[in-house]
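Residue strings, one per chain:
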Amino acid sequence: MLKKQVGIITLFTVSIAIILTLIYEFNWFSIHPDVMMGVRWVVAAVLTLNAILRKNLTTWILTCLILGVFVGLDFPNLARAMQPLSQGFIKLVKTIVGPILFATLVFGIAGHSDLKSVGRMAWKSMLYFFCATSCAIFIGLIVINLTQAGVGVDVAHMPHEELPTMATLADADQKALDHIAPEVHGVFKFNAFIRDTFPENIVKAVYENKVLQIVVFGVLFGIGLALVEEKKRKPLVDFTESLSEAMFKFTNIVMLFAPIGVGAAMAYTVGHLGVDILKNLFMLLGSLYFALILFLSCVLLPIALFLKIPVKRFISAVKEPVSIAFATTSSDAALPKAMSAMERFGVPRKIVSFVIPTGYSFNLDGTSLYLSLASIFVAQAAGIPLTIGQQLLIAFTLMITSKGVAAVPRASLIVLIATADQFGLPTFVIAAILGIDELMDMARTSVNVIGNCLATVVVAKWEGEFDEEAPFREHSETTTDL
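Cut-off values and rules
- Residues numbered from 1 in each chain as written.
- Predicted model: local features only at pLDDT ≥ 70, side-chain atom pairs only at ≥ 80, totals over all residues.
- Heavy atoms only, no water.
- Salt bridge = Lys/Arg side-chain N within 4 Å of Asp/Glu carboxyl O.
- Helix = DSSP H or I, 4+ residues; strand = E, 2+ residues; numbered from the N terminus.
- Buried < 20%, exposed > 50% of the residue type's maximum accessible area, 1.4 Å probe, protein only.
- Core = buried A, V, L, I, M, F, W, Y, C linked by side-chain atoms within 4.5 Å.
- Contact = heavy atoms within 4.5 Å.
- Axes fitted to C-alpha atoms, helices over the stretch in contact; angles between N-to-C directions.
- Parallel < 35°, antiparallel > 145°, perpendicular 65-115°, else oblique.
- Left-handed = near helix turned anticlockwise from the far one by under 90°.
- Nonpolar A, V, L, I, M, F, W, Y, C, P; charged D, E, K, R; others polar.

### With respect to the pattern of salt bridges
Under the criterion given, the structure shown has 13 salt bridges. One salt bridge connects lysine 234 with aspartate 238, and the closest N-O pair in it is separated by 2.8 Å. With a gap of four residues between them, lysine 234 and aspartate 238 both fall in helix H11 (residues 230-254), about one helical turn apart. Arginine 349 is paired through a salt bridge with glutamate 343; the nearest N and O atoms lie 2.9 Å apart. Residue classification places glutamate 343 among the partly exposed positions, given a relative accessible area of 26%. Through salt bridges with shared partners, a single ionic network connects Arg120, Lys124 and Glu463.

### Considerations on the environment of glutamine 5
You can see glutamine 5 is positioned in helix H1 (residues 2-25). Sequence separation between glutamine 5 and asparagine 50 is 45 residues, and the spatial gap between their C-alpha atoms is 9.7 Å.

### Some details on unusual backbone geometry
Of note, glutamine 148 is a non-glycine position whose phi angle comes to about 50 degrees, a positive value. Structurally, glutamine 148 can be placed in the loop between helix H6 (115-147) and helix H7 (171-177). Although it is not a glycine, lysine 308 sits at a positive phi angle of roughly 60 degrees. Position of lysine 308 among the secondary structure elements: in the loop between helix H14 (282-306) and helix H15 (311-328).

### Focus on the nonpolar core
The tendency in soluble globular proteins is for nonpolar side chains to be buried side by side. Ranked by size, the top nonpolar core spans 105 residues in total, and within it Phe314 and Met342 carry the most contacts. Sort the elements by how many residues they give to this core and helix H22 (residues 437-463) lands first, with 14 residues. Those residues within four positions of methionine 342 in sequence are excluded, and the remaining contacts are Phe314, Ala317, Val318, Val347, Val352, Ile356, Cys453, Thr456 and Val457. Core analysis: the next-biggest nonpolar cluster, separate from the first, contains seven residues, Ala17, Val39, Ala44 and Phe70 among them.

### What about the packing of H6 against H14?
Packing of H6 against H14 brings their axes to within 9 Å, and their N-to-C directions diverge by 140 degrees. One element, H6, and the other, H14, form an angle in the oblique class. Considering only the axes of H6 and H14, their crossing is right-handed. Note on element contacts: H14 touches H6 through Met283, Ser287, Phe290, Ala291, Leu294, Phe295, Val299, Leu300 and Ile303, opposite Tyr128, Ala132, Cys135, Ala136, Ile139, Val143 and Thr147. Each residue belonging to the contact of H6 with H14 can be placed in one class, and the counts come to 14 nonpolar, two polar and no charged.

So, in C-alpha cells, the structure goes:
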C-alpha cells in the first residue's frame, strides 16, 4: 500500500516539476533559479524514496540517471569530478565481455554439435543486419533532407572541439595504399577489414576488447570442439557451460554498481556540456531524435508486430540494458545485461551468444542512421549541394564503412570523418557538432542495443526456437532485485 502511495506522490511531484520547468524555460512567469533548484532536489528526494521502496535495479538506474542530471545542472564542478566513477563502471563491465562471449559461443556450438544451425544463423543474421541498417541509413537521408537542419547554420558560433586523432587505417595499411591505384583503395580497405576480424592472439583480442575477433575465434573453436569425439569434448563443454553461468552471475554482481556508474556518467555529461548547448544545435539534435523514433516506429515495431513478439514484454526486457547504454554511451557496457535479458525473454543461449556480439559490428542501426544524417548535415552547413545520386553513393559507402564500427563512445566519428574526407566535405563542421556528439550518442547507442536485442528474437523465430511462453514468465519475475 505504501509503495502505491509513494508512486502516486512521485507521479504528482514529477508532473508539477515538469510544468514549472516549462514555465521557467519559456519565461512565461518569473521564477527565481534558486526556486527551480529547490524543486529539482525535492523531486530527487521523492524519486530516491520511491527507488528505496521498489528495490529493483531498473528503478535505481533510472533514478540515478535523473539525479545525475540534477548534479550536472546545479554542481557542474562536482559533476565533472565524478567521471572516474562512470569510467570505472565501464571498465568493470568490459572485463565480462571476453569470457562471456567465448564461453557462451563455444558451449552453444559444441554443446549441441549442430554445425548446420550455426551456418543458418550466420546467413540469416547477416541478411537481417543488412536490411535493418539499410533502412536506418535511408531514413537518416530522408529526415535530414526534409528538415534541412544544416542549411543556414552559423558554424562560426557553434561549439568547437578538437577532432579525434585516431586513424581509420593502421600505418602499414596507409603506406600500402600509397602504392596502390586510387580506384582500388575501397577494395583494399574492405579486405583489410576482413583481415582484422581474424585474431592473431585470443588473449590480445580479449585485452583490446575486439568483439568481432572474439566471436570469430569462439565460433571456430566451437566448431573444432564439436568435431572432437564425445569423451574428449565433454570436459571442455562442461567448462564453458560453467564459465558462462559464472559470468552471468558475475554480471548480476557488477550491475549492482550500475546506478552509481550511470548517474556519474549523466552528471559528467550535463556538467561538461551544460544545457544551453542544445539551443545552438537544436535542429540537428531534433532531426536525429526524430529519425531514430521514426526508425523504431516504422521499421522495428512493424517487424515485432509481424512476428507477433509481445512488444510490452520486450520493452520491459530491454529497459535495463538500454538505460545503461543511454547514460554511458557505450554498447559494450550494456552487452552482458542485454544477453542475459534476451535469454530470459525466450531466445536460446546459442542464438543470443552469436547474434548480439556479431550485431555489435554489423547491426548498429542507430549509428548507421546517424552517419547518413550527419554526412548530409555537414554538406548543408558548408553550403555544398549534393545531388540524389551523390547522396545515394554516400549511403552505399556507409553501408560498408559503418560495419565494424567499434561499440565504444565516439567511434562513429572516425567513420564520419573518413566519409567526409572521401567525398570532399569539410571536417571543420564535424569539429563543431562534436560538442553535442555525446548527447546524440546517447540516443543512437540506445537504438543500437534495441536493434540487436530484437535481432536475436527475429533469428530465433526464424529458426523456430523461440520460447513463446518465456516473455510472460519473465514479466512476472520483474527485474533483478537489489
